[in-house]
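Descriptive structure summary
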2 protein chains.
Amino acid sequence: MRLVVIGGVAAGTKAASRARRLDPDLEVTIYGEEPDVSISECGLPYLISGVVERREDLVARTPEEFSEKGIRTLAGHRVEEIDPEEKRLVVRNLGTGETFEDSYDRLIVCTGAKSVVPPVDGADLDGVFPLRFLTDTDAIARHIREHSPEKAVVVGGGYIGLEVAENLTALGMQVSLVEAADGLARAFGPEVGETIEAHVKEKGVRVFTGAPVEAFVGDEDEGRLRAVRFGGREVEAEIAILGVGIRPEVALAKAAGAEIGETGAIRVNSRLKTSLPDVWAAGDCVESTDLVTGGPTWVPLGDTANQMGRVAGTNAALGTGDGGGLEFPGVLGTGIFKVFDLAVAGTGLSEEEAEDAGLSPVTAQVTTVSTASYYPGGQKGLLKLIAAGETGRLVGAEAVGETADKLVDICATAIWGRLSYPDLVNLDLAYAPPFGPALSPVIQAASVLSNEFDRREGLRATE
Amino acid sequence: MRLVVIGGVAAGTKAASRARRLDPDLEVTIYGEEPDVSISECGLPYLISGVVERREDLVARTPEEFSEKGIRTLAGHRVEEIDPEEKRLVVRNLGTGETFEDSYDRLIVCTGAKSVVPPVDGADLDGVFPLRFLTDTDAIARHIREHSPEKAVVVGGGYIGLEVAENLTALGMQVSLVEAADGLARAFGPEVGETIEAHVKEKGVRVFTGAPVEAFVGDEDEGRLRAVRFGGREVEAEIAILGVGIRPEVALAKAAGAEIGETGAIRVNSRLKTSLPDVWAAGDCVESTDLVTGGPTWVPLGDTANQMGRVAGTNAALGTGDGGGLEFPGVLGTGIFKVFDLAVAGTGLSEEEAEDAGLSPVTAQVTTVSTASYYPGGQKGLLKLIAAGETGRLVGAEAVGETADKLVDICATAIWGRLSYPDLVNLDLAYAPPFGPALSPVIQAASVLSNEFDRREGLRATE
């Protein structure tokens, strides 16, 4: 029995390892386009500044390590065609340019996502870089080494853009952060975006919002970046890094006839099986289920990709398509990032998303502190809870500050467990003075929610 | 309508404030024996060393602040008798020694817990101190100021004893920690106890386990502590602090005829009403329900006391005894403490408790790390999950190390939500390199559980 996995990184390598672990007789091959099959992509921004010191640190597993597990890896190979009837593949060796055929009994598609490049003049200039693969950081590092840029533009105020802005600042560059929307980190509510903006400005980053990039302007002699144009102005820059978003890479699966979902990612069932026979999919190329709304969603994140890989690898090994095997229940889109000294995290729906989903959200926001008030070293932050107006169920949370990771993980687990505000006020969480206030900010915010629901109840009763 | 609250601190002050907030016409009085009604007791160990600088920092609210809320506080007053038929109280003013009568329409008993003093010779010597009230720290501080002790014995290897050992070490004392049981922190499994023991020894604390104290030995001239005797040996000490445990303070309620539960604490219903008419109870004097076993339990912790105070205060204000109002669902006994550089946390049942409860526990233990492997500054720790063998439900968790608070809070929320290991492996938690590994240790440990359950399933299938 022959299993082929297209794509490495989090989903592909996990799927291959899991399948092989369950069925040691399985013949497993991973094809990957990039020179390295197993990369910790979330670490890329930190390799630019040297916080992560060595390129090898981000190579999670070498071909030799896969080989020891009985997994064959072919890096630098692009699968160009899937024939789902004959179960055959056309593969191009990117080194030699030659193509060859391969076959599979079972296939897992982990083609990931690709960077969006803004469709403006000069996006192909020397000095303008996406940041998606280890090869992108290689190119960025080379550019920095050769040209010692002093001024940088980061395009995109989402988490990648913010992480890059921090790491370029750490190298001593003057960084301008340029965002098309009216605020930073628009996946969150405006309170969070404003907190971030104030913080990065304090750290010396120039922030331009409501500023879609119009052109990258080159030094005409050398075809090298000289400035970035937006909102009628030009800001000088010898390097620009794009963090404007990614899209699922579905061309291969689509050409083979796989159903694509409304989010633009590959549609799968709860076993992560695609519409093609004996073809599963996992990771950033796959559409998922939003655990709050029950609708389709697309959340390209490394930890989720790894979890999907476990499920797809198990089911591919067992041959479970519609029943049996493992289910992947869905996602909450829980995420976190650090920008300078600020941790920013969220899970579930934002207030705006809850509004759009017809959930008539009720929200509560509290100031958080990371120790008891009298214990030294405490830092302030904020926590916002979003509850469904009819049921009182928690549907989302956002946090900024030193304990944001803890608070959002508590909330993500609570949403998983379908808890409502009356549960949250009595949640039994760990307290001691060095770790937070006597009542967790989650409990405090739930009390505010409770008072607000009581007030509405009272209003209804007197109407 | 007149509400009397007996006892302040976390439960009493919260109950009074909450009741008054819901019913501004309520006449509310708090009687407290100690000189200060509203104290952050969890901060006491840190006041000894000066980590918490000022005594006032631990006075959460002053009588004036209560007065502004319309709450009368009478500190230094002991309620000596409750007449539940006539709804009358006998109160002693501890300053003048005089007694007087008072009456109530509704009563909340928050008499808390008292320190256990080992029944051995010399426990009343000058230099031997319990640590329960702010007045105890006052006495300890005075003793340290006057006698500059260089050698200290801390009796009890639970969290109070460990916190005290750290804070006395910080003052430059040579600290011996003496524990009757065979290991430290016996509420946890032996892995945790051994990790703690190694850590405190590294910090210079001498540890004696399996060593019940036999006597405190005095300098006969002055009646002052000179040494502590245990296991046939004498260890010199000019100060000894007792952290051997506490017991619920129920004498007053019991004398009035209130039912006492099998844990020795006051029995209440889900509305925190006692068996006496119009009498509620909250905090360390109250028996609670274990959310895992459904049986009675007694967990005296400040955050739980506060949460109970909210429920009792609400129900006393509304007069809800058996129906309506708020319910207090129960506790998991979630707790955390810091000892030197180590955070130690737990929730739910230990493996031993799960065994005793007939849950045939299956456990998984993983090494945790507080950042992604390639991100600098990560520290190692451990996480142990305890699941019920029949259902796979999470019933307990223990963690040591930098992210112990987060990991245990995730698990406490998961137990609340009645999640099982198949839920936990797909939990959607927040990941970025500075905050932990790509898959949370909770997910990693759940995967280990999953493999173990699969293995047992396989064994059963082949039997």
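Chains are numbered independently. Their residues run from 1 in the order of the written sequence. Written order determines the labels here, with chains lettered from A and ligands numbered from 1. Only residues with pLDDT of at least 70 get local features here, since the model is predicted, and only at 80 or more are side-chain atom pairs given and counted; chain-wide, interface and lining totals rely on the full set of residues. Side-chain measures here rest on the full set of heavy atoms in the structure, leaving out hydrogens and waters.

1. Things to note about the packing of aromatic side chains
Stacked, tilted and edge-to-face pairs are distinguished by plane angle, under 30 degrees for stacked and over 60 for edge-to-face with tilted covering the rest, among Phe, Tyr and Trp rings (Trp via its six-membered ring) whose centres lie within 6.5 Å. Tallied over the full model, the rule gives twelve aromatic pairs over all chains. Chaining the aromatic ring pairs together yields one cluster made of Tyr159(A), Phe188(A) and Phe337(A).

2. Looking at the packing of helix α1 (residues 9-22) of chain B against helix α8 (residues 302-318) of chain B
Residue and element names in this part refer to chain B. The N-to-C vectors of α1 and α8 enclose an angle of 35°; their axes lie 7 Å apart at closest approach. Crossing geometry of α1 relative to α8 is assigned as right-handed. On α8, the residues touching Ala10, Ala11, Lys14, Ala15, Arg18, Ala19 and Leu22 of α1 are Gly302, Ala305, Asn306, Gly309, Arg310, Gly313, Thr314 and Ala317. Lys, Arg, Asp and Glu make up the charged group, whereas Ala, Val, Leu, Ile, Met, Phe, Trp, Tyr, Cys and Pro make up the nonpolar group; the residues left over, Gly among them, are polar. Among the residues forming the contact of α1 with α8, the class breakdown is seven nonpolar, five polar and three charged. To get an axis, fit a line to the C-alpha atoms, keeping to the stretch in contact for a helix; angles then go from 0 to 180 degrees between the N-to-C directions. Secondary structure elements are defined from DSSP: runs of H or I of at least 4 residues count as helices, runs of E of at least 2 residues count as strands, and each element is numbered from the N terminus. Here a crossing is taken to be left-handed if its near helix is turned anticlockwise relative to the far helix by less than a right angle, and right-handed if that turn runs clockwise. We call two residues in contact whenever any of their non-hydrogen atoms come within 4.5 Å of each other.

3. Quick word on the sheet that holds strand β5 (residues 71-74) of chain B
Residue and element names in this part refer to chain B. Strand pairing is defined by DSSP finding a minimum of two bridges between the two strands. One open sheet holds the five strands; their spatial order is β5-β2-β1-β9-β20, and the pairing between them is parallel. On the outer flanks of this sheet lie β5 and β20 (279-281), each paired with one strand and no other. Averaged over all pairs of adjacent strands, the angle between strand axes in this sheet comes to 20°, irrespective of strand direction. Contacting β1 (2-6), β2 (27-31), β5 and β9 (106-109), α1 crosses the sheet at an angle of about 175° to β2.

4. Here's the deal with the sheet that holds strand β7 (residues 88-93) of chain A
Residue and element names in this part refer to chain A. Strand order in the open sheet formed by three strands is β6-β7-β8, with antiparallel pairing between adjacent strands. A strand with exactly one partner marks an edge of an open sheet, and here the two such strands are β6 (77-83) and β8 (99-103). Strand-to-strand twist across the sheet, computed as the mean angle between neighbouring axes with direction ignored, equals 30°. Bridge count for β6 against β7 is six bridges, and the pairing is antiparallel. Bridge assignment links Glu81 to a residue of β7, and that residue is Val90.

5. Some thoughts on the domain arrangement of chain A
All names here are of chain A. All the domain ranges listed were derived from an automatic or database domain assignment. Each assigned domain of chain A is listed here: domain 1 (2-113 + 247-318), domain 2 (117-244) and domain 3 (341-462). Relative placement of domain 1 and domain 3: their C-alpha centres are 36 Å apart. At the junction of the two partners, domain 1 supplies four residues and domain 3 supplies seven residues. Computed with a 1.4 Å rolling probe, the buried area is the accessible surface lost when two parts are put together, summed over both parts. A combined buried area of about 380 Å² lies between domain 1 and domain 3, and 78% of that area is made up of carbon and sulfur atoms. Contact with domain 3 buries area across many residues of domain 1, yet Leu291, Val292 and Thr293 alone supply 93% of it, more than any other trio. Between Lys or Arg on one side and Asp or Glu on the other, a salt bridge is scored when a side-chain nitrogen of the former is within 4 Å of a carboxyl oxygen of the latter. The interface formed by domain 1 and domain 3 includes zero salt bridges. Nitrogen and oxygen atoms within 3.5 Å of one another constitute a polar contact, given that in protein one can donate a hydrogen and the other can accept it, and given that sequence-neighbouring residues count only through two side-chain atoms. Applying the counting criterion to the domain 1 and domain 3 interface returns zero residue pairs in polar contact (both at pLDDT 80 or more). Broken down by class, the residue content of the side of domain 1 that touches domain 3 amounts to two nonpolar, one polar and one charged.

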